[in-house]
Structure formats: C-alpha cells, structure tokens
Amino acid sequence: MSIQRLDIPRLERALKGRRIGGRILYHGQVGSTMDEARLLAEAGEPEGTVIIAEEQTAGRGRFNRAWVSPPGENLAFSVVLRPAQAQLRYVNMAATLAVAGAAEALTGLQPTIKWPNDVRLGGRKLSGILIETSMSEAGLRYAVLGIGLNVNMDPSRFPEIAQLATSLLRETGRKADRTRVLQEVLARLDDLYQVVQGGGSLLSRWASRLETLGKVVQVRWRDQVLEGQATGVDDEGNLLLRQPDGSTIPVVAGEVTLQSSRG
Ligand code: BTN
C-alpha cells in the first residue's frame, strides 16, 4: 500500500527562520529517530534540528516500551535541543503544550495532559513524549525530545493499545493533513521553547491542562507504587501527592494511573 508522504518542502517554507523546525531531516525508515538525533547531536548539530521518519523499526517509549506507529499514518520525530540544565524541566511542558495546542486548533476539541507528559483526548492517549539527555561532569550536554503523535491511525487495529490509544482520526472521524499537523506542533514548540529560554514560565498554562489534578492516583516509579490524591504541582512540575497518612510529597517522575479510569 502506498503512503501519503509528508510534504517537507511545504513544511520548510512554513517554518523558515525558526530555531525549531528551521532544519528538517526526513527519513523513510529508521530504527528510532531518538538514535538519529543523538548521533547528530554528538557530531555538533545545532539545536532545533528535527529528525522525522515515516517508519521506525524500533520506536521506543517511556519505560523502554515499544512505540506502535504504523508507517505513514502518524507523526514520529525527534528534536535536538541544547537547553541550560535549569531549563530542562520545562522542555516537557513546552512539548505537551505544543501538541495539545495544535490538536485543539485543528479539531476544536480540548486535549488534556496526564502528568507528566501524555497528551490525551477522550480519556485516551493521543501523544507520547520522551526526553533523553546526555550529561557530562560539566552538566547537560544536550537533550533529545521525541514526540509520537497519533494522527490517522485506527487504534482498534492494534490490540495492545486499542483500549488505551486514540488518534485525531478516531476523535474527529476524518483524516488530517499530517504536514499541517506537524507544522502546527513545531511552530508552537518553537514559540514555547523561546519562552523557556527567555526564563519565562509555562507552569500555569501546563497546570491548567493537567487532568491529573484533584484525582486519586497511583504513581509507579521503578519498583515503588505511591497512592494518594494529586493536589497540585510545584514550581518544577513535580506532582504533589497527598498520601493516606495526610503527608504531601513531591513526585519527580513516574507513571500515573488514574483510579477508576482506563489510566
Ligand atoms: C511514551 O512512552 O509515551 C513516549 C513515546 C515517544 C515516541 C516517540 S516517536 C518519535 C521518537 N522516536 C522514538 O523511538 N520514540 C519517540
């Protein structure tokens, strides 16, 4: 079956002059765009370069899970970033807000964010975000931001994610122009990343989309499971969890399951 390829020249014209998306490297097939981006970053690639693939043979998600994305139907890309170490915490806020904003502008629907960085529609996952870093003794060398966004996939074809995932197609009933979706995400990401680099805060915008707040949740991190009510986030984006004994702790990372939902 032939696939409708992304229109890279159109994308380049639309994003010309921007730091993020000003240079786009397009692949038909790669193992993972994360690895391609890492190789480029090691070789001195300036920040903002986007590596996108129609197909990943070893796409990965958080917690070393495989990332399911059929060729030519969704968006799977990575961005080379070189933020100051203190700004690293805000990269996931910029990414989730960029995806949620683009999806809202294109569909009129209101995506939410499941802490820390899943973008959801209708209670199912629309987009996942992965941030990998390289550190040296002197601090952060670079970060690779990976975004998987379900656009024209029918999740019901994939039993392992059928109940958990959604796509723009599933939510709207119509196919979306992937080039346009990518343009909307990258333009927003560039704007939001500029706010981060200028020392601005994305916290209140991000928190206002967090569906997790107020809910009773379980948070899994490595072999630990914490339970409690998510009461808020602190300045760094850590989840504030009120535990059954009444104490409140900041949770830095983990996977949240909302009680009495598909999680
Ligand atoms: C998650 O587990 O929610 C994060 C998923 C991240 C998937 C994207 S697709 C583009 C990039 N390349 C990968 O191998 N993973 C990320």
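Above this text sits the structure in question.
One structure accompanies this document, and this report is about it. Please read these numbers as outputs of a predicted model, since none were measured by experiment. Numbering of residues starts from 1 in each chain and follows the order in which that chain's sequence is written. For a predicted model such as this one, the threshold for reporting local features is a pLDDT of at least 70, and the threshold for listing and counting side-chain atom pairs is 80 or more; totals across whole chains, interfaces and linings nevertheless cover every residue. The side-chain figures draw on all heavy atoms in the structure; neither hydrogens nor water molecules are used.

1. Describing the nonpolar core
So, point 1. Within the largest apolar cluster, 57 residues are counted, with the highest numbers of intra-cluster contacts made by Leu75, Phe77, Trp115, Leu145, Leu189 and Trp206.
So, point 2. Numbering of helices and strands runs from the N terminus; a helix is a DSSP stretch of H or I covering at least four residues, while a strand is a stretch of E covering at least two. Residue contributions to this core peak at 10 residues, all from helix H3 (residues 91-107).
So, point 3. Pairs of residues are marked as contacts when any of their non-hydrogen atoms sit within 4.5 Å. The contacts of phenylalanine 77, once residues within four sequence positions are left out, are Thr33, Val50, Ile51, Ile52, Leu145, Gly146, Ile147, Leu182, Val185 and Leu186.
So, point 4. Only buried residues count toward a nonpolar core, which is a set of Ala, Val, Leu, Ile, Met, Phe, Trp, Tyr and Cys residues joined through side-chain atoms within 4.5 Å. To sort residues, take the accessible area from a 1.4 Å probe on protein chains only and compare it with the maximum for the residue type: under 20% means buried, over 50% means exposed, and anything in between is partly exposed. Ranked by size, the runner-up nonpolar core spans eight residues in total, among them Ile51, Val80, Tyr142 and Val144.

2. Some remarks on the layout of surface pockets
So, point 1. When its volume is computed, the largest pocket comes out at roughly 760 Å³.
So, point 2. Forming the boundary of the largest pocket are 41 residues, of which Arg65, Ala66, Trp67, Asp118 and Lys125 lie nearest the centre.
So, point 3. When residues of the lining of the largest pocket are assigned to their parent elements, the largest contribution, five residues, is made by strand E6 (residues 124-136).
So, point 4. Cavities and pockets were defined on a 1 Å grid built from protein atoms only: a cavity is a group of points that admits a 1.4 Å probe but offers it no way out, a pocket is an open group of points flanked by protein on both sides within 12 Å along at least five of seven lines, and a lining residue is one with an atom within 4 Å of any such point. Grid points are joined across faces, edges and corners, and a volume is the space filled by probe spheres set on the points. Of the volumes computed, that of the second largest pocket is approximately 570 Å³.
So, point 5. For the second largest pocket, the lining is made up of 22 residues, of which Arg62, Asn117, Ile131, Val252 and Ala253 are closest to its centre.
So, point 6. For the lining of the second largest pocket, the elements supplying multiple residues, two or more each, are H3 and E6.
So, point 7. Here the lining of the second largest pocket gets five residues from one element, more than from any other, and that element is E6.

3. Quick look at the site of the ligand
So, point 1. Proximity criterion: a residue is near a molecule or strand once any of its heavy atoms comes within 4 Å of it. Near the ligand lie 20 residues; those nearest to it are Ser32, Gln56, Arg60, Arg62 and Lys125.
So, point 2. Polar contacts here mean pairs of N or O atoms no more than 3.5 Å apart (in protein, one a potential hydrogen donor and the other a potential acceptor; neighbouring residues in sequence count only if both atoms are side-chain atoms). Threonine 33 places a polar side-chain atom, nitrogen or oxygen, 3.0 Å from a nitrogen atom of the ligand.
So, point 3. With the chains in place, 97% of the 410 Å² that the ligand exposes on its own is no longer accessible.
So, point 4. Just a note on the criterion: a molecule sits in a pocket or cavity if more than half of its atoms are within 2 Å of the grid points. Among the cavities detected, the one that contains the ligand is the largest pocket.
So, point 5. Of all the secondary-structure elements, those providing two or more residues to the shell around the ligand are helix H2 (33-42), strand E3 (75-81), E6 and strand E7 (139-149).
So, point 6. When residues of the shell around the ligand are assigned to their parent elements, the largest contribution, four residues, is made by E6.
So, point 7. Amino acids outside the nonpolar list (Ala, Val, Leu, Ile, Met, Phe, Trp, Tyr, Cys, Pro) and the charged list (Asp, Glu, Lys, Arg) are all regarded as polar, and Gly is one of them. Considered class by class, the residues forming the shell around the ligand number seven nonpolar, nine polar and four charged. Here the Shrake-Rupley method, with its probe set to 1.4 Å, supplies the accessible areas, and only the displayed protein chains count as covering residues.

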